[in-house]
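Reading the structure
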Amino acid sequence: QVQLVESGGGLVQAGDSLMLSCAASGLTFSNYGMGWFRQAPGKEREFVAAISWNGGYLYYADSVKGRFTISRDNGKKTVYLQMNSLEPEDTAVYYCAARATPYRNSGGTRHADYAYWGQGTQVTVSS
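What this report covers is the structure whose coordinates are included nearby.

Criteria and cut-off values
- Residues numbered from 1 in each chain as written.
- Predicted model: local features only at pLDDT ≥ 70, side-chain atom pairs only at ≥ 80, totals over all residues.
- Heavy atoms only, no water.
- Helix = DSSP H or I, 4+ residues; strand = E, 2+ residues; numbered from the N terminus.
- Rg over C-alpha atoms; globule rule 2.2 N^0.38 Å.
- Buried < 20%, exposed > 50% of the residue type's maximum accessible area, 1.4 Å probe, protein only.
- Contact = heavy atoms within 4.5 Å.
- Phe/Tyr/Trp six-rings, centres within 6.5 Å; stacked < 30°, edge-to-face > 60°.
- Disulfide = S-S within 2.5 Å.

Remarks on the overall build of the chain
If you tally the helices and strands in the chain, you get zero helices and 11 strands. Relative to the globule expectation of 14 Å for 127 residues, the C-alpha radius of gyration of the chain, 14 Å, shows essentially globular dimensions. Residues classed as buried in the chain amount to 41% of the 127 residues present. In the chain, the proportion of contacts linking residues at least 24 apart, taken out of those at least 6 apart, comes to 58%.

Here it is in structure tokens:
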């Protein structure tokens, strides 16, 4: 069974930073691209960032480009999301996800591209 467990969320002030972590088990982590999504109250789940199986391809939503950085450590089976210059509009539940197929170097911005999801971690940014 595949498990993805997010951690690192919390309550911060505007301008602060957080780093989210997602620990994976039950899959050959190094073969799969990973992504981060977020969902705010009353809104659809939206794409945040993605990283390919070997870390060679990175993609960010325009709303977070230049502020957020996605990375992975295949030895630790963990994907990270470093979030800087946080704003109240970043408030959401953040979800980690694993791609449905291995060795993909394209796509990864759609909910349907992913087969496995974590429980989510709450990020709240006060003004």
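After that view of the structure, there is still more to cover.
Concerning the packing of aromatic side chains
Throughout the structure, instances matching the rule amount to six aromatic pairs. Pairing Phe47 with Tyr59 gives two aromatic rings, centres 5.9 Å apart and planes at 35°, and the pair type is tilted. Of the two residues, Phe47 is situated in strand 5 (residues 46-51) and Tyr59 in strand 6 (residues 58-60); the sequence distance between them amounts to 12 residues. By relative accessible area, which is 47% here, Tyr59 ends up partly exposed. Judged by centre distance (5.1 Å) and plane angle (85°), the rings of Trp53 and Tyr103 are edge-to-face. Remark: Tyr103 occurs in the loop between strand 9 (92-99) and strand 10 (114-117) and Trp53 occurs in the loop between strand 5 and strand 6; sequence separation between them is 50 residues. Here Trp53 falls in the partly exposed class, since its relative accessible area comes to 25%. An aromatic cluster is defined as three or more aromatic residues linked by ring pairs; in this entry it consists of Phe37, Phe47, Tyr59, Tyr114 and Trp117.

Things to note about the state of the cysteines
Following the criterion strictly, the structure yields one disulfide and no others. In this model, Cys22 is linked to Cys96 through a disulfide, with the two sulfur atoms separated by 2.1 Å. Because the torsion about its S-S bond is -75°, the bridge between Cys22 and Cys96 counts as left-handed. Of this pair, Cys22 sits in strand 3 (residues 18-25) while Cys96 is found in strand 9, placing the two residues 74 residues apart along the sequence. Of the two residues examined, Cys22 and Cys96, each falls in the buried class.

Some details on the environment of Thr101
Relative to the assigned elements, Thr101 resides in the loop between strand 9 and strand 10. Measuring from C-alpha to C-alpha, the distance between Thr101 and Lys65 comes to 26 Å, with 36 residues separating the pair along the chain.

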